[in-house]
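Examining the three-dimensional arrangement
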Amino acid sequence: MSGYLPKRPSEFHKIPHARLAIIASMWHRECVQSMIDRACRELDALGVKAQNISVHYLPGAYELPLAAQLLFEREQKLDAILAFGVVLKGGTTHDLTVLQNVVQGFAEVSRRYGKPIINEVIGVVKIEDAVKRSADDLLNKGLEAVFAVSELLHWNNSLKPPA
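Conventions we followed
Residues numbered from 1 in each chain as written. Predicted model: local features only at pLDDT ≥ 70, side-chain atom pairs only at ≥ 80, totals over all residues. Heavy atoms only, no water. Salt bridge = Lys/Arg side-chain N within 4 Å of Asp/Glu carboxyl O. Helix = DSSP H or I, 4+ residues; strand = E, 2+ residues; numbered from the N terminus. Buried < 20%, exposed > 50% of the residue type's maximum accessible area, 1.4 Å probe, protein only. Pairing = 2+ DSSP bridges. Axes fitted to C-alpha atoms, helices over the stretch in contact; angles between N-to-C directions. Contact = heavy atoms within 4.5 Å. Right-handed = clockwise from strand over helix to strand, strands pointing away. Core = buried A, V, L, I, M, F, W, Y, C linked by side-chain atoms within 4.5 Å. Phe/Tyr/Trp six-rings, centres within 6.5 Å; stacked < 30°, edge-to-face > 60°.

1. A few points about the pattern of salt bridges
- Under the definition given, this model contains six salt bridges.
- For lysine 7, the salt bridge goes to glutamate 151, with nearest N and O atoms at 2.6 Å. With lysine 7 in the segment before strand 1 (20-25) and glutamate 151 in helix 5 (residues 141-159), this residue pair connects regions lying 144 residues apart in the sequence.
- You can call glutamate 151 partly exposed: its relative accessible area is 24%.
- Counted as one network, the salt bridges with shared partners bring together Arg38, Arg41, Glu42 and Asp136.

2. As for the sheet that holds strand 1
- Spatially, the four strands line up as an open sheet ordered 2-1-3-4, and their pairing is parallel. Each edge of the sheet is formed by a strand with only one pairing partner; in this case those strands are strand 2 (53-58) and strand 4 (117-124). Neighbour-to-neighbour, the strand axes of the sheet open up by a mean angle of 10°, direction not taken into account.
- Pairing of strand 1 with strand 3 (residues 80-88), which is carried by five bridges, proceeds in the parallel orientation. Within strand 3, the position partnered with alanine 24 by the bridge is phenylalanine 84.
- Sheet strands in contact with helix 1 (residues 29-45) are strand 1, strand 2, strand 3 and strand 4, and its direction is about 155° off that of strand 3.

3. Quick notes on the pairing of strand 3
- For strand 3, the buried fraction is high: eight of the nine residues fall into the buried class.
- The sheet contact formed by strand 3 and strand 4 spans eight bridges and is parallel. Across the sheet, the residue bridging to alanine 83 is asparagine 119, located in strand 4.
- In this region the chain leaves strand 3, passes through helix 3 (residues 94-113) and returns to the parallel neighbour strand 4; the handedness of that crossover is right-handed.

4. Topic: the nonpolar core
- In this structure, Ile15, Leu20, Leu43, Leu82, Phe84, Val86 and Val149 are the most contacted members of the largest nonpolar core, which totals 31 residues.
- Only strand 1, helix 1, strand 3, strand 4 and helix 5 provide two or more residues apiece to this core.
- When residues in this core are grouped by element, the largest group, seven residues, is from helix 5.

5. Some remarks on the packing of aromatic side chains
- Under the defined criterion, the tally for this structure stands at two aromatic pairs.
- Ring centres of phenylalanine 12 and phenylalanine 147 lie 5.4 Å apart, and the angle between their planes is 50°; this geometry places the pair in the tilted category. With phenylalanine 12 in the segment before strand 1 and phenylalanine 147 in helix 5, this pair connects stretches of sequence that are 135 residues apart. Like phenylalanine 147, phenylalanine 12 is buried.

Below you can see the structure in the form of structure tokens.
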């Protein structure tokens, strides 16, 4: 998603019983932390209890798919994972390798466990692009992640037969 969301934050689905993990790359920490902080504020507004959100910092974006797999294996009550990172284009194609691994890895893990991984690991040409996507406005990737997870968990719950 880029630009503005299809719903205002006040219209997001409440997900008070959600158990979530946030995984994040340590690179470009200021931007990544701003995304995490925004996500946590928005999750709080949707009724998610702070004790039902765990935050994990990993060396880099490349390690995030493995972290997601290990979390789903060890925390079976986990409903979803939100992933944050910034991959800056450099003088080589390393950024493409990292981003491809992240996307493929998340897809494999998500299918294996049948649970969503919201991928907000962004590839940027200039760090200013990441700063724009982590500012305290409607373009913040933390806000986009919460929109996506609230929609997916709400939709998933609608598929379950009434108890």
